[in-house]
Amino acid sequence: MTATPLSLPTAAEVTAAIPCAELMMVAHEYEQAMRLDDAARILGHILKALPDHARALHLMGVVAFHKGQKELSLSLMERAIACGIDTPLYYRNIGEVYRVLGRHEQARDAARRSVALNPGDPIALMNCGVILADQGLTDEAIACFEEALAINGQLPAAHFGLAEALLSKGEFARGWQEYEWRFKLPGVPAVIPKTKTPQWDGAPIVDGVVLLIADQGFGDAIQFCRYIPWVAARAAEIVVACSPVLQPILRQLHPNMRLVSDWKEVGPFAAWVPLSGLPRLAGTVLETIPAEMPYLRAAPERIAAWKDQLDALTPAGLKRVGVVWAGRPAHKNDWKRSMTLEALAPVAALDGIALVVLQKGPEQRQTGSHYGHAPLVHLSAEVEDFEDTMAIMAGLDLVLTVDTSVAHLAGAMGCPVWIMLPWCSEWRWLQERGDSPWYPTARLFRQPGPNDWRGAAEQVAEALKG
């Protein structure tokens, strides 16, 4: 006797057997647990039976956004709103999708609509602040963050958004205080394993170790490691917990500190503090940023070795311009800070220069389709660490980069560095400035409009001609 094959229920049978509200609840629980495929499967059943189910459409859009399918997410959320459900949640979420797609006016309208529909919703106010800040409307953004915090003073993202807005305006005193909320953001790992040892308050420690923690990206560590001598003047001993990649760099800041890459190696300590918390403890304002340059240097023997390669590969008489056009793809803001090699065409069309590729990672493949007038000098495949990058940059006439660790490294070395920034950049580059108080040898080139990397490259090309 042959067994009858089992058959799966149809979408209509599923929705008939289980109340739709229960299915939506399960789908929402799956989305919250980031079981995205499971959530999408249930929502797909609902939408097959009920194509205009607004809640299912919207939640499917949220799932698509989590999966990186931003255009699909937008389409689904727009369909949900078109069903006539005028809810602040829908506008709150679609505003974020518009934001990351660079559709600024629609993002702003959606955010404001969400607030208008529910003025007492601190999350809507906070999201509106994020969108306004992302468009350079800093004062309006600050007002939104402050209004959100007046309703709920324990919203970490609102405090952090306020911090970045204040810091971008150069209002450091209040900005650093708000910046401390970054460690309470959802999903942010603890900066240190659980400990009863207090966070350092900056007071002198005459007997004991201060543990410094490189808590953020490489660029942040390079920017804030300038404070290590300040700590050394106030602490008997220093231990720095950081990636092994950073250790040869940070070792330059103080001869007697210990560097570790494993918590088990730390040993007893009297207090701890993240590197990014040192500007607050030092009371840093715009006028007192430690900017003694250089505070990082390339090793002379490496400079000599890389100079030989540069001399052999670069046509004589050309100005050597090191280029980095993209950051690490995993960075949360990489969609905004990275460009393409093709967008550098106005620079590559110039006479008298050679582009020395400092780009690392998958974006390095773009060199295969480069057809610019300026020759490309390929060195990056042989670059093993930051020390190599520093030695190469020491032999260049100029470093041209987007907002990556290379920008910070060149600035810390006192190299001439031109940094191309998005229309609305990170707080550290401040607003409407062509220079940086963090790096005196840096020159900033900002997009003339949203997503206009070509326009930024044209500014660079004009400056190079001069």
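Residues numbered from 1 in each chain as written. Predicted model: local features only at pLDDT ≥ 70, side-chain atom pairs only at ≥ 80, totals over all residues. Heavy atoms only, no water.

Peer 1: Would you mind going over the pattern of salt bridges with me for this structure?
Peer 2: Side chains that carry opposite charge are capable of pairing whenever their charged atoms lie near each other. Within this structure, the stated rule accounts for 24 salt bridges. Between Asp 311 and Arg 320 there is a salt bridge whose closest N-O contact spans 2.7 Å. Its relative accessible area of 14% is what places Arg 320 among the buried residues. By sharing partners, the salt bridges in this structure join Arg 302, Asp 385, Glu 387 and Asp 388 into a single network. (Salt bridge = Lys/Arg side-chain N within 4 Å of Asp/Glu carboxyl O. Buried < 20%, exposed > 50% of the residue type's maximum accessible area, 1.4 Å probe, protein only.)

Peer 1: I'm lost on the sheet that holds strand E3 (residues 258-260) in this one. Help?
Peer 2: Across a sheet, paired strands are connected by hydrogen bonds in the backbone, their directions being either parallel or antiparallel. The sheet built from 4 strands is open, its strands ordered E3-E2-E1-E4 with parallel pairing. Two strands bound the open sheet, and with one partner strand each, they are E3 and strand E4 (271-274). For this sheet the average axis-to-axis angle between neighbouring strands, irrespective of direction, equals 25 degrees. Across 3 bridges, strand E2 (residues 235-241) lies against E3 in parallel orientation. Paired with Val 239 across the two strands is Arg 258, which belongs to E3. (Pairing = 2+ DSSP bridges. Helix = DSSP H or I, 4+ residues; strand = E, 2+ residues; numbered from the N terminus. Axes fitted to C-alpha atoms, helices over the stretch in contact; angles between N-to-C directions.)

Peer 1: In this structure, what is going on with unusual backbone geometry? I would like to understand it.
Peer 2: Leaving glycine aside, a negative phi is the common case for residues, and trans is the common case for peptide bonds. Following Met 293, the chain continues to Pro 294 via a peptide bond in cis, the omega torsion being -10 degrees. Looking at where Pro 294 falls in the secondary structure, it is placed in the loop between helix H15 (278-281) and helix H16 (300-313). Although it is not a glycine, Met 34 sits at a positive phi angle of roughly 60 degrees. Mapped onto the secondary structure, Met 34 falls in the loop between helix H2 (20-32) and helix H3 (36-49). For Leu 430, which is not glycine, the phi dihedral falls at a positive 60 degrees. Here Leu 430 is to be found in the loop between strand E9 (417-421) and strand E10 (442-446). Exposure remark for Leu 430: the relative accessible area of 6% places this residue in the buried category.

Peer 1: Any chance you could explain the sheet that holds E10 here in plain terms?
Peer 2: Spatial ordering of the open sheet is given by E7-E6-E5-E8-E9-E10, a layout of 6 strands whose pairing is parallel. In the strand order of this sheet, the two ends are held by strand E7 (376-378) and E10, each with one partner. Taking each pair of neighbouring strands and ignoring which way they run, the sheet shows an average axis angle of 25 degrees. In the sheet, strand E5 (residues 319-324) pairs with strand E8 (residues 398-402) via 4 bridges, with the strands oriented parallel.

Peer 1: I'm lost on the state of the cysteines in this one. Help?
Peer 2: Two cysteines form a disulfide when their sulfur atoms are joined by a covalent bond. For the structure on display, the rule yields 0 disulfides. Cys 242 takes part in no disulfide bond, and the closest cysteine sulfur, belonging to Cys 225, lies 9.9 Å away. Residue classification places Cys 242 among the buried positions, given a relative accessible area of 8%. Considering cysteine sulfurs only, Cys 128 is the nearest to Cys 424, which forms no disulfide, with 14 Å between them. Judged by its relative accessible area of 16%, Cys 424 is buried. (Disulfide = S-S within 2.5 Å.)

Peer 1: How do you make sense of the environment of Arg 92 when you look at a structure like this?
Peer 2: Turning to its location among the elements, Arg 92 is positioned in helix H6 (residues 88-100). Arg 92 sits 21 residues away from Arg 113 along the chain, and the two C-alpha atoms are 8.2 Å apart. Setting aside residues up to four positions removed in sequence, Arg 92 forms contacts with Ser 114, Asp 121, Ile 123, Ala 124 and Asn 127. For Arg 92, the side chain forms a polar contact with the side chain of Asp 121, separated by 2.9 Å. (Contact = heavy atoms within 4.5 Å. Polar contact = N/O pair within 3.5 Å; in protein donor to acceptor, adjacent residues only side chain to side chain.)

Peer 1: What is the right way to read the pairing of E9 from this model?
Peer 2: With 5 of its 5 residues buried, E9 lies for the most part within the structure. Of the strand pairs in this sheet, E8 and E9 are connected by 4 bridges, and their pairing is parallel. The residue of E9 that forms the bridge with Thr 401 is Ile 419. Of the pairings in the sheet, the one linking E9 to E10 comprises 5 bridges and is parallel in character. When the bridges of E10 are listed, Met 420 appears paired with Phe 445.

Honestly, that's just the spatial picture; any functional story needs more than this.
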